[in-house]
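Chains, contacts and geometry: an overview
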Amino acid sequence: MRKKVQRLALSVAVASMALSPLAQACTALLYNDKQGNSYVGRTLELPMELPYYLAYSPVGTSFGSEADHHHPLTFTAKYDFVSIGLPDFSVKDLKVIDGINDQGLAFSLLAFPATKGPIDSANKTQAVLAAIDLGAWSLAQFATVAEVKKALETQPTQVTELLPFDVLDTPFHYILHDATGASIVIEYADGQQNVYDNPIGVMTNGPEFPWHLKNLDNYTFLNNKDVSTSSFRGQHFSQPDTGIATVALPASNTAVGRFVRATYYSQYAEQAKTPTEAVTTLAHVMNNFDRPRGITMDSRFDSGAANAVAPEVVGHPGYISEYTTWTSLRDLKQKHYYVRTYKNGMHYSKIDLSQLKGGASSAIKLSDAAEANELDITSQLNVGE
């Protein structure tokens, strides 16, 4: 009973975030080095800390997904993967938010309050995948986004309730990248499941993904070359500084603004020569989406569970602030996973997936692992057979 109450309180808190105007900030993007190798960065923003876990799931791990009134869907991991997730009833049932598998497939879940899934038309005896389990389902079984896309053509998927009594469906959409640089976005909107090819590898939050792509038509003038001199009626003018090329980038932290900025930074950041340099470059790129507490504030929403976990901004009673609770980086060729939490500041901790092979399933609190100030935390997940 206690676990059910805890689960409901967590669901209410997350739902409150999703329904709040603050719950819009997650940014994912693709970066390529000079050799064409792929790297993925993402931030996660909320006005609260949740009990995130860092988990290792080896080949052979069994998973289950249960959609309303359908037989549970069971599947077994063909690939090792590392992920960040939230516990459902227990740590053994983590809902994957972010991760990478040993084939270089990366998954990220981002907030999407406009979620409206398809009508349940599947036979009640058929095993149906709950959309909230797309992370584990994808990372456990597929090597490329093309495989995921093909599998979704025949695998019925249902958007399930985050809260009971049809109060709120799980308010998320999903982006996957693979080692080839390919990317797809999975969205449930207007009663349809949509799987979009993502040619630029960027995703934020609402509106729908096609809207974001169309909006880039308004930014065709963007270029990273400073134009620092000009003449007007024969009079010469010169910009006294560098950096004018970014003057027209959206300055806000809205999903629309961040999508344009993420497209720009992933396009124009210098292509690194080595994997180490590439991860460093990607970390600098993601700094442009890092949000400290207090930079934007919103009136506290009315929810007892949310009030208990979302602290007010110091000096501003009644206001909460969304901030970057953690950031992840992924090297899709070397299968390295990096994470930093808000308390880490600028310090990333690394997990080398190849060093975990042959070990047993394990899960540790993200805060305990990443805030230990160790450069490599692989050993914390490597518990052996």
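Residues numbered from 1 in each chain as written. Predicted model: local features only at pLDDT ≥ 70, side-chain atom pairs only at ≥ 80, totals over all residues. Heavy atoms only, no water.

1. Thoughts on the overall build of the protein chain
- Helix and strand content of the protein chain: nine helices and 23 strands.
- Going through the 385 residues of the protein chain one by one, you find that 52% of them count as buried.
- When contacts within the protein chain are restricted to residue pairs at least 6 apart in sequence, long-range pairs at least 24 apart make up 66% of them.
- Approximately 17500 Å² of the protein chain is accessible, and the part contributed by carbon and sulfur atoms is 53%. (Helix = DSSP H or I, 4+ residues; strand = E, 2+ residues; numbered from the N terminus. Buried < 20%, exposed > 50% of the residue type's maximum accessible area, 1.4 Å probe, protein only. Contact = heavy atoms within 4.5 Å. Areas by Shrake-Rupley, 256 points an atom, 1.4 Å probe, with all protein chains shown as cover.)

2. Observations concerning the sheet that holds strand β2 (residues 38-46)
- Strand order in this open sheet of five strands is β1-β2-β20-β21-β22, and the pairing throughout is antiparallel. What marks the edges here is a single partner per strand, and that holds for β1 (26-32) and β22 (349-352). Along the sheet, successive strands turn relative to each other by an average axial angle of 15 degrees, direction set aside.
- Judged from the seven bridges that link them, β1 and β2 form a sheet pairing that is antiparallel. Each residue of the ladder has a partner; that of Cys 26, found in β2, is Leu 44.
- Running over the sheet, helix α6 (residues 275-287) touches β1, β2, β20 (323-331) and β21 (336-341) and is turned about 30 degrees from β2. (Pairing = 2+ DSSP bridges. Axes fitted to C-alpha atoms, helices over the stretch in contact; angles between N-to-C directions.)

3. As for the sheet that holds strand β15 (residues 192-197)
- Taken together, the eight strands give an open sheet; going across it, the order is β15-β14-β13-β8-β7-β6-β3-β23, and neighbouring strands pair in antiparallel fashion. What marks the edges here is a single partner per strand, and that holds for β15 and β23 (362-365). On average, each strand axis in the sheet is tilted by 25 degrees relative to the strand beside it, whichever way the strands run.
- Of the strands in this sheet, β6 (81-87), β7 (94-101), β8 (106-111), β13 (172-177) and β14 (183-189) are in contact with helix α2 (residues 134-141), which crosses β7 at around 30 degrees.
- Here helix α3 (residues 145-152) sits on the sheet and contacts β13, β14 and β15; the angle it forms with β14, its principal contact strand, is near 30 degrees.

4. Here we look at unusual backbone geometry
- Residue Pro 207 is bonded to the preceding Gly 206 through a cis peptide linkage, with omega at 0 degrees.
- With respect to the secondary-structure elements, Pro 207 resides in the loop between β15 and α4 (209-215).
- Its identity is not glycine, yet Asp 190 carries a phi of approximately 55 degrees, on the positive side.
- Residue position: Asp 190 is located in the loop between β14 and β15.
- With a relative accessible area of 65%, Asp 190 lands in the exposed category.
- One non-glycine residue with positive phi stands out, namely Lys 335, at about 60 degrees.
- Mapped onto the secondary structure, Lys 335 falls in the loop between β20 and β21.

5. Let's talk about the pattern of salt bridges
- Under the counting rule described, the total for this entry stands at 10 salt bridges.
- When the shortest N-O distance is used, the salt bridge between Lys 149 and Asp 197 registers 3.1 Å. Here the residue Lys 149 occupies a position in helix α3, and Asp 197 occupies one in strand β15, the gap between them amounting to 48 residues.
- By relative accessible area, which is 28% here, Lys 149 ends up partly exposed.
- According to the relative accessible area criterion, Asp 197 is partly exposed, its value standing at 48%.
- One salt bridge in this structure joins Arg 291 and Glu 322, with 3.9 Å as the shortest N-O distance. (Salt bridge = Lys/Arg side-chain N within 4 Å of Asp/Glu carboxyl O.)

6. Topic: the packing of aromatic side chains
- If you walk through the whole model with that rule in mind, you get 15 aromatic pairs.
- Between the aromatic rings of Trp 137 and Phe 142, the centroid separation amounts to 4.9 Å while the plane-to-plane angle is 65 degrees, which identifies the pairing as edge-to-face.
- According to the relative accessible area criterion, Trp 137 is buried, its value standing at 4%.
- In this structure an aromatic cluster arises from ring pairing among Tyr 264, Tyr 265, Tyr 268 and Phe 289. (Phe/Tyr/Trp six-rings, centres within 6.5 Å; stacked < 30°, edge-to-face > 60°.)

7. Overview of the nonpolar core
- Membership of the largest hydrophobic core comes to 91 residues, with the highest contact counts inside it found for Tyr 52, Leu 54, Leu 134, Trp 137, Tyr 174 and Ile 351.
- Looking at this core, the element that brings in the most residues is α6, giving six residues.
- Aside from chain neighbours lying at most four places away, what touches Leu 54 is Val 82, Ser 83, Ile 84, Tyr 337, Ile 351, Ser 362, Ala 363, Ile 364, Leu 366, Ala 369, Ile 377 and Leu 381. (Core = buried A, V, L, I, M, F, W, Y, C linked by side-chain atoms within 4.5 Å.)

8. So, the side chain of His 347
- Within the secondary structure, His 347 is located in the loop between β21 and β22.
- Judged by relative accessible area, His 347 falls into the buried class, the value being 18%.
- Only 3.3 Å separates the side chain of His 347 from the backbone oxygen of Glu 374, close enough to count as a polar contact.
- Those residues in contact with His 347, other than ones at most four positions away along the chain, are Val 339, Arg 340, Ala 370, Asn 373, Glu 374 and Leu 375. (Polar contact = N/O pair within 3.5 Å; in protein donor to acceptor, adjacent residues only side chain to side chain.)

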